[in-house]
Amino acid sequence: MLPNEPLLSVRRLSKRFGGFVALDNVSIDVSEGSITGIIGPNGAGKSTLFDVISGALKPTSGHVRLHGKDITGLPPHQLFSRGILRTFQIPHEFPSLSVQDNLMMVPNGQIGETLWNCWFRRGKIARQEQEIAEKACEVMEFLTLSHLANEAAGNLSGGQKKLLELGRTMMVNPSLVFIDEAGAGVNQTLLRTVGDAIQRLNEERNCTFVLIEHDFAFVSRLCDPVIVLAEGQVLTHGTADNIRRDNRVIEAYLGQRAAKLGDGDTEL
């Protein structure tokens, strides 16, 4: 990556479903070490943008580059190996497994996954499993989930599942994490815990985040810059304060609720 080159560069990205244009020549940059927020009304193209960048969908046109290298259209498992991870609005935990086991399943290339190694490399498997278990314990402590280590993941609350999703990304030390609506179905107390964890990971481990979120107070607290999508296009970008006062955003997004936004209305 060249000096001053963004960690992630998206250029003229478009995605069409038949005659419907979900993304229309979207260009954004994500700087290394930043927490970038993406907001916009329902149907603006936010999740589609995540899907295309993270390899779940192939773009109709355009390019995505990571560290200056083209990753356009690569499948999720190849992006995973490059340090790109994504969480979902609805968590994808293994409900019958414990919290700790959900975390321990994440690291790729575990030597116990092959029959040959299970027979002939048991000592090495045991050592690796111990290392992964220690990593899982560290992650649970970081996210205040240690008391739920043996709880089935399916029994967790919505906020706890979001923390577990974040914990799964921590098991592989990612360079870039996409988080789709951390606040969906989460009470304010746990949302603060999720926000604290994201901020600490950013500050202490230099992890770069891109967040889709409707709670503008959450976005304002964490994100700089904030990018606004509307009708599949980038409407504007800037600081949260500037976005709040932008008449284009007010017209496209906030409407009659704009006056309330600065007076306790936190959800866009």
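In what follows, the structure referred to is the one given above.
The rules behind the values
- Residues numbered from 1 in each chain as written.
- Predicted model: local features only at pLDDT ≥ 70, side-chain atom pairs only at ≥ 80, totals over all residues.
- Heavy atoms only, no water.
- Phe/Tyr/Trp six-rings, centres within 6.5 Å; stacked < 30°, edge-to-face > 60°.
- Lys NZ or Arg CZ within 6 Å of the ring centre and 35° of its normal.
- Helix = DSSP H or I, 4+ residues; strand = E, 2+ residues; numbered from the N terminus.
- Buried < 20%, exposed > 50% of the residue type's maximum accessible area, 1.4 Å probe, protein only.
- Polar contact = N/O pair within 3.5 Å; in protein donor to acceptor, adjacent residues only side chain to side chain.
- Contact = heavy atoms within 4.5 Å.
- Pairing = 2+ DSSP bridges.
- Axes fitted to C-alpha atoms, helices over the stretch in contact; angles between N-to-C directions.
- Salt bridge = Lys/Arg side-chain N within 4 Å of Asp/Glu carboxyl O.

Novice: Could you clarify how one ought to interpret the packing of aromatic side chains in this entry?
Specialist: Think of a pair of aromatic rings as described by two things: how far the centres are apart, and how the planes are tilted against each other in angle. Counted under the stated rule, the structure contains one aromatic pair. In this arrangement the basic side chain of Lys 15 is found over the ring face of Phe 17, its NZ or CZ atom lying 5.2 Å from the centre. Above the ring of Phe 142, the side-chain terminus of Arg 200 is found at 3.9 Å from the ring centroid.

Novice: In this structure, what is going on with the side chain of Ser 54? I would like to understand it.
Specialist: Of note, Ser 54 is situated in the loop between helix H1 (46-53) and strand S4 (61-66). Residue class for Ser 54 comes out buried when judged on its relative accessible area of 9%. A polar contact is formed between the side chain of Ser 54 and the backbone oxygen of Phe 50, at a distance of 2.6 Å. The contacts of Ser 54, once residues within four sequence positions are left out, are Pro 76, Leu 79 and Arg 86.

Novice: Sorry if this is basic, but what is going on with the sheet that holds strand S7 (residues 176-180) here?
Specialist: If you walk across this open sheet you meet the six strands as S6-S7-S8-S3-S9-S10, and the pairing is mixed. Edge positions in the sheet fall to strand S6 (84-87) and strand S10 (233-238), since each of these pairs with one other strand and no more. Pairs of neighbouring strands in the sheet enclose a mean axial angle of 20°, with direction left out of account. One ladder, built from five bridges, connects S7 with strand S8 (residues 208-212); its direction is parallel. Each residue of the ladder has a partner; that of Asp 180, found in S8, is Ile 212. Across the sheet, helix H6 (residues 158-170) touches S6, S7 and S8, and the angle it forms with S6 is around 170°. In the packing of helix H7 (residues 188-205) onto the sheet, the strands contacted are strand S3 (35-39), S7 and S8, and the crossing angle to S8 comes to about 150°.

Novice: It is not clear to me how the pattern of salt bridges should be interpreted in this structure. Could you clarify?
Specialist: Pairs may arise between side chains of opposite charge once their charged atoms sit close together. Tallied over the entire structure, the rule returns eight salt bridges. Between Asp 51 and Arg 86 there is a salt bridge; the shortest N-O distance is 2.3 Å. Residue Asp 51 is located in helix H1, and its partner Arg 86 is located in strand S6; the two are separated by 35 residues in the primary sequence. A relative accessible area of 15% places Arg 86 in the buried class. A salt bridge links Asp 196 to Arg 221; its shortest N-O distance comes to 2.1 Å. Of this pair, Asp 196 sits in helix H7 while Arg 221 sits in helix H8 (residues 216-222); the two residues are 25 residues apart in sequence, bridging distant segments of the chain.

Novice: In this structure, what is going on with the pairing of strand S9 (residues 226-230)? I would like to understand it.
Specialist: The side chains of a regular strand alternate between both faces of the sheet. Of all five residues in S9, five are buried; the element is thus mostly enclosed. Going residue by residue along S9, you find Val 226, Val 228 and Ala 230 tucked away on one face and Ile 227 and Leu 229 tucked away on the opposite face as well. Where S3 and S9 come together, three bridges link them in parallel fashion. Across the sheet, the residue bridging to Ile 39 is Val 228, located in S9. As paired elements, S9 and S10 share five bridges and run antiparallel to each other.

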